[in-house]
Amino acid sequence: MKILQVLTLRGPNYWSIRRHRLIVLRLDLEDLDERFSDELRGFYEALVGLLPSLEEHFCSPGCRGGFLQRLREGTLMGHVIEHVALELQSLAGMPLNFGRTRETRNRGVYNVVYEYQQERAGRVAGRAAVRICATLADGERYPQAELAADLAELRELKQAASLGLTTDALIQAAEQRGIPWVRLPVRDVVQLGWGVKQRRLQAAQTDLTGMLGVELAGDKDSTKILLQTAGIPVPEGDVIRRFEDLEEAIDRAGGFPLVIKPLDGNHGRGITLNIRTYPDAAVAYDLAKQSAKTGSVIVERYHRGGDYRVLVVGGQVVAAAQRVPAQVVGDGRSTISELVARLNQDPRRGEGHDNVLTRVELNQASDWVLRQQGHSLDTILRPGEICYLKNTANLSTGGMAIDCTDTIHPENRWLCERAARWVGLDIAGIDLITPDITQPLRLVDGVVVEVNAAPGLRMHLQPSEGTPRNVSAPILDLLFPGGSRGEIPIVAITGTNGKTTTTRLTAHLCKQTGKTVGFTTTDGTYIGDYLAEPGDNTGPQSARLILNDPAVELAVLESARGGILRSGLAFPHCQVGVVLNVSDDHLGSYDIETLEQMASVKSVVAEVVHPDGLAVLNAEDELVVAMAQRVKGAVGYFSLDPEHPVLRQHLQRGGLGATVINGEITLLEGEKTIPVLPVQEVPLTLGGTVRFMTANALAAVLAAYRVGVNLDQLAAGLRTFAAGVAQTPGRMNLLAVQDFHVLIDYAHNPHGYRAVGEFVAGWQKGERIGVIGAPGDRRDEDLREMGRIAAGLFDRLIIKEDDDTRGRPRGEAANWLQMGVTETVATRVLQVILDETEAIETALKQAKTGDLVVVFPESVQRTLALVLGTPPQ
Ligand code: ATP
Ligand code: ATP
Ligand code: MG
Ligand code: MG
């Protein structure tokens, strides 16, 4: 077996609209082709022995054990690998169940498709699955140790990709609300929503969190002074920088018991609590000094009581939890160190913040706490005796959390809300010490010890005891008020031909509203009037550039088949999805062999239209019309023929459409007819003579209308969108040269040849001279078909080739074209001149008064330079 190719899909795709995270393994089964699992001796037993949990896979029988039944009855290796890849990931803590395996035109070659949670883990699982199946199929053993190593690697990859519990929870809540998100390539910043509507966050800190509030909260003394000013109780105390000042500070704090801690600490580092003697204070001072970045140390009164964390979001308390320091309970037999080891075996305890609880680390701080209680690590505690291991309750030092959201006294809630406001934080964790949270602080000598920016959410989301609180939801409400999903309108455009033109025109129409429009095309990615990135940008990466740009208010995205097949769309849904046409281009690549399959690829754009959005479909293209069944939103049809039955029926049902009536581009809404502009006045259509351009304009008008461009703006936009070398280089550029004309166009498939041919056929002033070629990566029969079409169109023909033959030997593509031409008798004069420049020069020399020279160039700029006699740009 051999893996030929691995694709990682990250958005709606050919295989699934809903499952975005898929791995596609293109697999050559080689000697295992046609060998069914039941014919491989011992394979079933060995596989089930290694992965007994495959029992859980339903597969096509739809019940437990379903896949194993298939395996016994006999199934092909690709299908087995699919299930093993899923099972490996599930065993590593990433439960998944979607998979598909499909044969290709090539014998023994299959596409094995399966879900992943984490993409690297997904790819690794696929390779491991192939390894396992190949080994077992050979009748060899796959050692348990090796399986364990595979699973360990997968777990590590999952771990490495995690953004932490708090961020992961916020992302999950965003997904539930339908808010799109992406991880930015810096730090652990996550973007929620798109364009101007986006918000960013890093754990519980957001781009709305004020810098000043964060700084004030980070300085515990400033916080205390502010809160004191507000009348909120805080511990009495002082800040010192020198050891000499310790004694005086102890006095000012009102004597022992005391707390000494760094001014700018966190995670309980460098804190000593309940200090009762001067020598202990001296040790505590040194400890705090070491952890204090600023070198300043707080000396303050020690308050007795429980330790509480209150979470305030957008001025409201949303959760409260009591935090209990790590402790062990004696059994009369075990030493403290044994008890701690046992405690740490709790599967809920992990490293750092990535689990419900954190393992207890025995260190200097715990030694000190044990000593204070008169114990050492070797002490055997009496049955039921409690021994604290830490003196702070931070979860990060192994503490526990008990939810108390329902019992906190209303006055304390109010106090916490005020504390957050006084410090100036939209999301704040307020630390309280009080003997009784159900009583107002002032009655029981409780205090606020600290206000935290970016508080961890773990103790509220997954308290060790009590009700878990969904604190992610209020944070998202704060970021996206009014139920907004943080989206900007997206118009996605696909089709075999006309994508770039329609994208540019739609963007131009949308710009008439004054909005900042971002758009991607084959000629580059643009924001407003500027080129943000040159290149053939019709895939998800360039779409993401637009969607991530904080200035973009509306996105128009050319979404070509290549991107959809290679990695899926960049967005889970769009406002408007346009499908212009489906014809025979690019067949044979990515295992897309038939027009129907190609239609399924392009249909992805129609199927991701949001239920309140619009799919703009070509009424004249049957394959496109068929997509309407799978559209979740409304459909808008365009047709050059106002009487087209598909359009008519749709209007009868009150639908939306666009057509040409009495020479005018017209919007239709049920019975209503809304004229927009005479086609004559739309330069893109060359005065209405280029029918396919009129069709593109209809699609653009529908799309733009749906995203809020009004009729005046539509007319203004259509009028000012010049079909010329500036705005649409290479798309129907008709140039007057001396006493003849030259038409430069990118037609590069039979459908494009025919479309341009309609215009060429209408040329009556003189001879029609064609300089034709085609991209070398198309199928032989497509090249031949282009030759046939060209033969019917031109009086004289020159066949040339691109500089880039896309893998073909020079002259071969030209041969196929020529074969098509000569099969068809119409053309009188045929020349083959492989070099594009020479071919064009020859044609220009032949042209006489009134003639039309048509060039289908590789390079528009080079062609323009030749035609206009200027040096190339
Ligand atoms: P974190 O990062 O968890 O907020 P931190 O390093 O910022 O911790 P503080 O919040 O100031 O430190 O203190 C940690 C814990 O120490 C408090 O939650 C509380 O349990 C205890 N503590 C701090 N100051 C006092 C005090 N004056 N009286 C009693 N306990 C205190
Ligand atoms: P690509 O796949 O190269 O990105 P595209 O779909 O973006 O192409 P355009 O660049 O807009 O298409 O146009 C390329 C050529 O396709 C045009 O020059 C013209 O020959 C042809 N074409 C454009 N629109 C249509 C249409 N609606 N129907 C048929 N052919 C068209
Ligand atoms: Mg704190
Ligand atoms: Mg294009």
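Note that the structure is predicted; figures quoted are calculated from it, not measured.

Draft legend 1. Representation of unusual backbone geometry. Omega for the peptide link from Phe256 to Pro257 comes to -10 degrees, which places this bond in the cis form. Within the element layout of this structure, Pro257 appears in the loop between helix H9 (246–252) and strand E10 (258–262). Not every positive phi belongs to a glycine, and Asn274 is a case in point at roughly 55 degrees. Structurally, Asn274 is set in strand E11 (residues 272–275). At Met732, a residue that is not glycine, the phi angle is positive and equals roughly 50 degrees. By relative accessible area, Met732 is classed as buried at 0%.

Draft legend 2. Fine view of the domain arrangement of the protein chain. When the domains of the protein chain are assigned, the result is domain 1 (2–161), domain 2 (236–301), domain 3 (490–640 + 678–719) and domain 4 (733–868). Averaged C-alpha coordinates put domain 1 and domain 2 at centres separated by 59 Å.

Draft legend 3. Looking closely at the site of ligand 2. The local shell around ligand 2 holds 21 residues, among which Thr500, Thr501, Asn696, Arg731 and Asp745 are the closest. Contact between ligand 2 and Asp745: an oxygen atom at 2.3 Å from a side-chain N or O atom of the residue. Counting residues per element, the shell around ligand 2 draws most heavily on helix H25 (residues 750–761), which supplies 4 residues. A per-class count over the shell around ligand 2 returns 5 nonpolar, 12 polar and 4 charged. Counting only domains with at least three residues in the shell around ligand 2, you end up with domain 3 (490–640 + 678–719) and domain 4 (733–868).

Draft legend 4. Seen up close, the side chain of Thr503. Relative to the assigned elements, Thr503 resides in helix H17 (residues 499–511). A relative accessible area of 0% means that Thr503 is categorised as buried. From its side chain, Thr503 meets the backbone oxygen of Lys499 in a polar contact 2.7 Å long.

Draft legend 5. Highlighting the coordination of the magnesium ion (ligand 4). Distances from the magnesium ion (ligand 4) to its protein donors, Thr500 (OG1), Thr522 (OG1) and Glu558 (OE), fall within 1.9 to 2.1 Å. One chain supplies every donor to the magnesium ion (ligand 4), and in sequence these donors are spaced T-x21-T-x35-E. With Thr522 in the loop between strand E23 (517–521) and strand E24 (524–527) and Glu558 in strand E26 (residues 554–558), this pair connects stretches of sequence that are 36 residues apart. For Glu558, a relative accessible area of 3% gives the class buried.

Draft legend 6. Main features of the pairing of E24. Residues Gly524 and Tyr526 line one face of E24 and the alternating positions Thr525 and Ile527 line the opposite face, and both faces are buried. Pairing of E23 with E24, which is carried by 4 bridges, proceeds in the antiparallel orientation. Within the sheet, the bridge partner assigned to Thr521 lies in E24 and is Gly524. Two successive antiparallel strands, E23 and E24, enclose a turn made up of 2 residues. Sheet analysis places E24 next to strand E25 (residues 530–533), joined by 3 bridges and oriented antiparallel. Residue pairing in the sheet places Thr525 in a bridge with Glu533 of E25.

Draft legend 7. Fine view of the sheet that holds strand E38 (residues 852–855). Pairing within the open sheet is mixed, and its 6 strands lie in the order E33-E34-E38-E35-E36-E37. What marks the edges here is a single partner per strand, and that holds for strand E33 (733–737) and strand E37 (829–832). Taking each pair of neighbouring strands and ignoring which way they run, the sheet shows an average axis angle of 15 degrees. Across 4 bridges, strand E36 (residues 796–799) lies against E37 in parallel orientation. If you follow Ile799 over to E37, its bridge partner there is Val832.

Draft legend 8. Just the side chain of Gln198, in detail. On the secondary structure map, Gln198 appears in the loop between strand E6 (190–192) and strand E7 (199–202). Assessed through its relative accessible area of 7%, Gln198 is described here as buried. What Gln198 contacts, discounting residues up to four positions off in sequence, is Gln191, Leu192, Gly193, Asp207, Leu547, Asn548, Asp549 and Pro550.

Draft legend 9. Expanded view of the site of ligand 1. Inspection of the region around ligand 1 gives 25 residues, with Lys220, His267, Asp307, Asn394 and Glu450 positioned closest. One of the side-chain nitrogen or oxygen atoms of Lys220 is found 2.6 Å away from an oxygen atom of ligand 1. Backbone polar atom of Arg301 to a nitrogen atom of ligand 1: 2.9 Å apart, as the coordinates give it. Elements supplying a minimum of two residues to the shell around ligand 1: E10, strand E12 (297–301), strand E13 (306–313), strand E20 (427–434) and strand E21 (447–453). Looking at which element gives the most residues to the shell around ligand 1, the answer is E21, with 3 residues. Residue composition of the shell around ligand 1, by class: 7 nonpolar, 8 polar and 10 charged.

Draft legend 10. Main features of the nonpolar core. Ranked by size, the top nonpolar core spans 72 residues in total, and within it Val578, Val616, Phe638, Ile665, Leu718 and Ile772 carry the most contacts. Top contributing element to this core by residue count: helix H23 (residues 691–706), with 10 residues. Looking at which domains feed residues into this core, each of domain 3 (490–640 + 678–719) and domain 4 (733–868) supplies at least three. Setting aside residues up to four positions removed in sequence, Leu718 forms contacts with Leu505, Leu509, Ile665, Val676, Leu677, Glu681, Val682, Pro683, Ala697 and Val701.

Draft legend 11. Region of interest: the packing of helix H3 (residues 77–91) against helix H4 (residues 119–137). At a minimum axis separation of 8 Å, H3 and H4 run at an interaxial angle of 125 degrees. With respect to H4, the element H3 is oriented oblique. As H3 packs across H4, the resulting crossing turns out to be right-handed. Between H3 and H4, the contacting residues are Met77, Val80, Ile81, Val84, Ala85, Leu88 and Gln89 on the first element and Ala121, Gly122, Ala125, Gly126, Ala128, Ala129, Val130, Ile132, Cys133 and Ala137 on the second. Of the residues assigned to the contact of H3 with H4, the class counts are 14 nonpolar, 3 polar and no charged.

Draft legend 12. Local environment of the coordination of the magnesium ion (ligand 3). In the first shell of the magnesium ion (ligand 3), the protein supplies Asp431 (OD) and Glu450 (OE), at 1.9 to 2.3 Å from the metal. Placement of Asp431 in strand E20 and of Glu450 in strand E21 is noted, with a sequence separation of 19 residues between them. In terms of burial, Asp431 and Glu450 fall into one category: buried.

Draft legend 13. The pattern of salt bridges, seen in detail. What the rule picks out here adds up to 61 salt bridges. Of the charged contacts in the structure, one is a salt bridge between Glu56 and Arg64, with a shortest N-O distance of 2.8 Å. Notably, a salt bridge pairs Glu607 with Arg630, separated by 3.3 Å at the nearest N-O pair. With a gap of 23 residues between them, Glu607 in helix H20 (residues 595–607) and Arg630 in the loop between helix H21 (622–625) and strand E29 (634–638) connect regions that are remote in the sequence. When salt bridges with common partners are traced through the structure, they connect Lys800, Asp802, Asp803, Glu836, Glu858 and Arg862 into a single cluster.

Draft legend 14. Region of interest: helix H11 (residues 336–344). Buried residues of H11: Ile336, Leu339, Val340 and Asn344, and no others. Viewed along the axis of H11, the buried residues span an arc of 135 degrees, placing them on a single side of the element. Buried positions along H11 lie against strand E15 (327–329), strand E16 (349–350), helix H12 (364–372) and strand E18 (386–388).

Draft legend 15. Quick look at the environment of Leu147. Among the secondary structure elements, Leu147 is positioned in helix H5 (residues 144–161). Of the residues examined, Leu147 reaches a relative accessible area of 4% and is grouped as buried. Note: C-alpha distance between Leu147 and Thr805 (658 residues apart in sequence) is 47 Å. Ignoring sequence-local partners within four residues, the contact set of Leu147 consists of Leu50, Leu51, Leu88, Ile132 and Tyr142.

What counts and what doesn't
Along each chain, residue indices are assigned from 1 in the same order as the chain's sequence is written. In the order they appear in the text, chains get letters beginning with A and ligands get numbers beginning with 1. For a predicted model such as this one, the threshold for reporting local features is a pLDDT of at least 70, and the threshold for listing and counting side-chain atom pairs is 80 or more; totals across whole chains, interfaces and linings nevertheless cover every residue. Side-chain numbers come from the whole structure's heavy atoms, not from hydrogens or water. Counting from the N terminus, the helices are the DSSP runs of H or I reaching at least four residues and the strands are the DSSP runs of E reaching at least two. A 1.4 Å probe rolled over the protein chains alone gives each residue an accessible area, and that area as a share of the maximum for its type sets the label: buried under 20%, exposed over 50%, partly exposed in between. Marked domain ranges trace back to an automatic or database domain assignment. Summary of the distance rule: residues count as near a molecule or strand when at least one heavy atom falls within 4 Å of that molecule or strand. Here a polar contact means two N or O atoms within 3.5 Å. Within protein one must be a hydrogen donor candidate and the other an acceptor candidate, and residues neighboring in sequence count only if both atoms are side-chain atoms. Classification convention: Asp, Glu, Lys, Arg as charged; Ala, Val, Leu, Ile, Met, Phe, Trp, Tyr, Cys, Pro as nonpolar; all other residues, Gly among them, as polar. Coordination here is defined by N, O and S atoms within 2.8 Å of the metal (3.2 Å for Na, K and Ca), and since water is not considered, a site can look incomplete. Only strands joined by at least two bridges in the DSSP assignment are considered to pair. Lines are fitted to the C-alpha atoms to define the axes, a helix being fitted only along its stretch in contact, and any angle between axes, read from their N-to-C directions, falls within 0 to 180 degrees. Any two residues whose heavy atoms approach within 4.5 Å are treated as being in contact. Nonpolar core, defined: a set of buried Ala, Val, Leu, Ile, Met, Phe, Trp, Tyr and Cys residues in which side-chain atoms within 4.5 Å join the residues together. An angle below 35 degrees is read as roughly parallel, one above 145 as roughly antiparallel, one from 65 to 115 as roughly perpendicular, and any other as oblique. Definitions for this section: a left-handed crossing has its near helix turned counterclockwise from the far helix by less than a right angle. A right-handed crossing has that turn clockwise. Whenever a carboxyl oxygen of Asp or Glu lies within 4 Å of a side-chain nitrogen of Lys or Arg, that contact is scored as a salt bridge. Arc definition: it is the arc formed by the directions from the helix axis to the C-beta atoms.

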